[in-house]
Protein chains: 2
Amino acid sequence: MKGLGELERTIMDILWAQNAPLTAREVGRLIADRDLAPTTVMTVLDRLTRKGFLTRTRDGRAWRYAPGASRDAYVAELMLEALDMTGDRSAALTRFAQTVSGPEAEILRKALTELEEE
Amino acid sequence: MKGLGELERTIMDILWAQNAPLTAREVGRLIADRDLAPTTVMTVLDRLTRKGFLTRTRDGRAWRYAPGASRDAYVAELMLEALDMTGDRSAALTRFAQTVSGPEAEILRKALTELEEE
DNA sequence: CGGGTAGTACTACGTCGCGTAGAGGGCAGA
DNA sequence: TCTGCCCTCTACGCGACGTAGTACTACCCG
């Protein structure tokens, strides 16, 4: 996988927050703070599709874009990728566990416990 | 923090594997497979230092480079950074916990348990 | 039927990070 | 003093990304 740029991430955030596929125009309208040309949004949507982050389906003349995976899945994958960078995965995992804050350690613990019970 | 490029990562790997600071020449000699100009290695070492990944101390005319942090710390930080990308950290954490393989879940569980006992 | 509108595809340009390395300067030993 | 090692500075090419223009097509409205 590859990382995302600034605008790419912004657009993914918009699509992740949506539960229905959006057209380029609709996405553009949701980036209100920046005054981007419509073609800019289309180009980025196109690149994201090419990279596999989005899927698109026809809707008349327009395309509707939807995320290929949930944000959580994406984040989890990024984390695993970081983990792959090391020779000693267990050391890195241990280190990670020690680094997360208390409440988050609790969340992890709980998730792991539930895993075990299944 | 920022990610590292290909050669940058290679060099960090070399330095992480060492327990004593190395000079540019020594690092270059350890990248035997690629035939790099000495200045290339120096440039990259310099950039890594500028980025805060390395510290360097004088040794005669030469510099000796050493990692600023352990690889595990780096990986853990990358993972936390990925985690920061999401609005819902707990969901991403849960997802992550579900995604790691069985043995690694065990490692995480153990690390978290030890944390709790302190 | 003709024009504005919306939508697409293709192309392009500037910037930045990174791999790569040359030019030039200084110091130390033969 | 000559030679070589090491440093600093500068630079070039490429690919990624932000940004957008141009050109073509399909509709709807009057």
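The rules we used
- Along each chain, numbering runs from 1 in the same order as the chain's sequence is written.
- Think of it this way: whatever chain is written first is A, whatever ligand is written first is 1, and the rest follow in order.
- Note on the predicted model: pLDDT of at least 70 is required for a residue's local features to be given, and 80 or more for side-chain atom pairs to be given and counted; whole-chain, interface and lining totals, by contrast, use all residues.
- As a rule here, side-chain values cover all heavy atoms of the structure and leave hydrogens and water aside.
- For cavity detection a 1 Å grid was placed over the protein atoms alone, and a set of points counts as a cavity when a 1.4 Å probe fits there but cannot get out; an open set counts as a pocket when protein lies on both sides within 12 Å along at least five of seven lines, with lining residues being those that have an atom within 4 Å of a point.
- Grid points are joined across faces, edges and corners, and a volume is the space filled by probe spheres set on the points.
- Here a strand is any run of E in DSSP of at least two residues, a helix any run of H or I of at least four, and the numbering for each starts at the N terminus.
- Under the convention adopted here, Pro, Cys and the residues Ala, Val, Leu, Ile, Met, Phe, Trp and Tyr are nonpolar, Asp, Glu, Lys and Arg are charged, and Gly plus all remaining residues are polar.
- The nearness test applies per residue and asks whether one of its heavy atoms lies within 4 Å of the molecule or strand.
- Pairs of N or O atoms are called polar contacts if they sit within 3.5 Å, as long as, within protein, a hydrogen donor faces a hydrogen acceptor (for residues adjacent in sequence, only side-chain-to-side-chain pairs).
- Stacked, edge-to-face and tilted are the three classes for Phe, Tyr and Trp ring pairs, Trp counted by its six-membered ring, which pair at centre distances within 6.5 Å; planes under 30 degrees apart are stacked, over 60 edge-to-face, the rest tilted.
- Here the term buried applies to any residue with accessible area under 20% of the maximum for its type, exposed to any over 50%, and partly exposed to those in between, with areas from a 1.4 Å probe on protein chains only.
- Throughout this description, the term charge over a ring refers to an Arg CZ or Lys NZ atom that lies within 6 Å of the ring centre and within 35 degrees of the ring normal.
- An automatic or database domain assignment is the source of the domain bounds shown.
- Each C-beta atom gives one direction from the helix axis, and the arc is the one those directions make.
- The atoms used to superpose the copies are C-alpha atoms, taken from residues with pLDDT of at least 70 in both, and the fit is least squares.

K.L.:
It is not clear to me how the layout of surface pockets should be interpreted in this structure. Could you clarify?
P.N.:
A probe as big as a water molecule, rolled over the atoms, marks out the empty space that is left. Empty space within the largest pocket amounts to approximately 690 Å³. Lining the largest pocket are 20 residues; nearest its centre among them are Gly3 and Leu78 of chain A together with Gly3, Leu78 and Glu81 of chain B. Contributing elements (two or more residues each) for the lining of the largest pocket: α4 (71-84) of chain A together with α4 (71-84) of chain B. In terms of residue class, the lining of the largest pocket is built from twelve nonpolar, two polar and six charged. The volume enclosed by the second largest pocket comes to roughly 220 Å³. Looking at the second largest pocket, the residues that line it are Ala24, Arg25, Gly28, Arg29, Ile31, Arg34, Asp35, Leu36, Ala37, Pro38, Val41 and Met42 of chain A. Counting only elements with at least two residues in the lining of the second largest pocket, the list comes to α2 (24-30) and α3 (38-50) of chain A.

K.L.:
Is there a simple way to explain the protein's contact with DNA strand C in this structure?
P.N.:
Every one of the 24 residues lining DNA strand C counts as a neighbour, but Arg25 and Met42 of chain A together with Glu6, Leu7 and Thr43 of chain B are closest to it. What you see for DNA strand C is that sugar and phosphate hold 59% of its atoms within 4 Å of the protein. Measuring from a phosphate oxygen of DNA strand C, one finds a side-chain N or O atom of threonine 40 of chain B at 3.3 Å. Between DNA strand C and threonine 43 of chain B, the relevant distance is 2.6 Å, taken from a base nitrogen to a side-chain nitrogen or oxygen of the residue. For the surface near DNA strand C, the elements supplying multiple residues, two or more each, are α3, β1 (54-59) and β2 (62-67) of chain A together with α1 (6-16) and α3 (38-50) of chain B.

K.L.:
Help me understand the protein's contact with DNA strand D in this model?
P.N.:
Around DNA strand D, 23 residues are found, and the nearest of them are Glu6, Leu7, Thr43 and Lys51 of chain A together with Arg25 of chain B. Take the atoms of DNA strand D that sit within 4 Å of the protein: sugar and phosphate atoms are 56% of them. Contact distances for DNA strand D include 3.3 Å between a phosphate oxygen and a side-chain N or O atom of arginine 56 of chain B. Residue tryptophan 63 of chain B places a main-chain N or O atom 3.0 Å away from a phosphate oxygen belonging to DNA strand D.

K.L.:
It is not clear to me how the packing of aromatic side chains should be interpreted in this structure. Could you clarify?
P.N.:
The geometry of an aromatic ring pair is captured by two quantities: the separation of the ring centres and the angle between the planes. One pass over the structure, following the stated rule, counts five aromatic pairs over all chains. Residues phenylalanine 53 of chain A and tyrosine 74 of chain A carry aromatic rings whose centres are separated by 5.6 Å and whose planes lie at 85 degrees to one another, so their mutual orientation is edge-to-face. You can see phenylalanine 53 of chain A sitting in the loop between α3 and β1 and its partner tyrosine 74 of chain A sitting in helix α4, a full 21 residues away along the chain. Here phenylalanine 53 of chain A matches tyrosine 74 of chain A in class, with each residue buried. Over the aromatic face of tryptophan 63 of chain A sits the side chain of arginine 58 of chain A, whose NZ or CZ is 3.8 Å from the ring centroid. Positioned over the ring face of tryptophan 63 of chain B is arginine 56 of chain B, at 3.8 Å from the centre of the ring.

K.L.:
What am I meant to see in the domain arrangement of chain A here?
P.N.:
One frequently used descriptor of interface size is the decrease in accessible area upon assembly of the parts. Taken as a whole, chain A is organised into domain 1 (6-67) and domain 2 (71-117). Taking the mean C-alpha position of each, domain 1 of chain A and domain 2 of chain A sit 30 Å from one another.

K.L.:
Just checking my understanding: could you explain helix α5 (residues 89-99) of chain A for this structure?
P.N.:
The periodicity of an α-helix, 3.6 residues per turn, causes residues three or four places apart in sequence to face the same way. All of the buried residues in α5 of chain A are Ala92, Leu93, Phe96 and Ala97 of chain A. One face of α5 of chain A carries all of its buried residues, which in axial projection span an arc of 140 degrees.

K.L.:
For this particular structure, what's the right way to read the relation of the copies chain B and chain A?
P.N.:
Each of the two chain copies can be brought onto the other by rotation about an axis and movement along it. The transformation that overlays chain B on chain A combines an axial shift of 0.0 Å with a rotation of 180 degrees, and the residual RMSD is 0.1 Å. Here the symmetry operator amounts to a two-fold rotation axis. Rotation axis and chain B: the residue whose C-alpha lies nearest the axis is methionine 79 of chain B, separated from it by 2.3 Å.

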